[in-house]
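Residue strings, one per chain:
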Amino acid sequence: MSEHVDAYRIPSGHGLDLRIHQEILGLDGFENVPAYSTDDQAAKLVLKSIRKKRSRALATGTTHIKGGTWHFARYGSDPSTSTEVLSESFALSICRLALVIESQD
């Protein structure tokens with residue numbers, strides 16, 4: 001990654017979208033970057049890319065914590081070695097997970 005960021009807490013927005021576009025998807029350009037972190041359809045492209053590159057299981061879903069609904073994205077199926085992120089939306093969870101996985105390489 002180009003700069004240190006807490007991938008588990010990074011907010012949605014253009015900065016995250018640009019990182020996903022360039023670092024995860026390997027695409028060029030700074031203009032017309034899709035809103036991967038806020039648009040579920042664009043996030044599905046990121047999820048598809050992760051699934052294509054990785055062999056471990058990926059799961060997404062929702063959970064209820066402190067009276068609210070949170071979205072999770074999990075990489076791996078073993079509880080002791082899986083990586084999981086939480087956020088307020090499906091799209092943001094996918095983007096956060098993509099950055100976390102990338103930082104593990």
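Structure first, text after, so check above.
So, here is what we can say about the structure in this document.

Thresholds applied
Residues numbered from 1 in each chain as written. Predicted model: local features only at pLDDT ≥ 70, side-chain atom pairs only at ≥ 80, totals over all residues. Heavy atoms only, no water. Core = buried A, V, L, I, M, F, W, Y, C linked by side-chain atoms within 4.5 Å. Buried < 20%, exposed > 50% of the residue type's maximum accessible area, 1.4 Å probe, protein only. Helix = DSSP H or I, 4+ residues; strand = E, 2+ residues; numbered from the N terminus. Contact = heavy atoms within 4.5 Å. Pairing = 2+ DSSP bridges. Axes fitted to C-alpha atoms, helices over the stretch in contact; angles between N-to-C directions.

### Topic: the nonpolar core
By size, the foremost hydrophobic cluster in this structure holds 28 residues, and its most contacted members are Leu-16, Ile-20, Tyr-36, Val-46, Ile-94, Leu-97 and Leu-99. Counting only elements with at least two residues in this core, the list comes to helix 1 (14-24), helix 2 (40-53), strand 2 (68-75) and helix 3 (90-104). Leaving out residues up to four positions away in the same chain, Leu-97 has contacts with Leu-58, Ala-73, Arg-74, Tyr-75, Thr-83 and Val-85.

### Description of the sheet that holds strand 3 (residues 83-87)
Judged by pairing direction, the sheet is antiparallel, and its three strands sit side by side in the order 1-2-3 without closing on themselves. Each of the sheet's edge strands pairs with one partner strand only, and the pair in question is strand 1 (58-65) and strand 3. Across the sheet, the axes of successive neighbouring strands diverge by a mean angle of 25°, strand direction being ignored. Pairing of strand 2 with strand 3 involves five bridges; the strand directions are antiparallel. Bridging from a neighbouring strand, Phe-72 pairs with Leu-86 of strand 3. Sitting on the sheet, helix 3 is in contact with strand 1, strand 2 and strand 3, with an inclination near 145° to strand 3.

### What about the environment of Asp-78?
Structurally, the position occupied by Asp-78 is in the loop between strand 2 and strand 3. Using a relative accessible area of 37% as the deciding quantity, one classes Asp-78 as partly exposed. With 21 residues separating them in the primary sequence, Asp-78 and Ala-57 have C-alpha atoms 9.5 Å apart.

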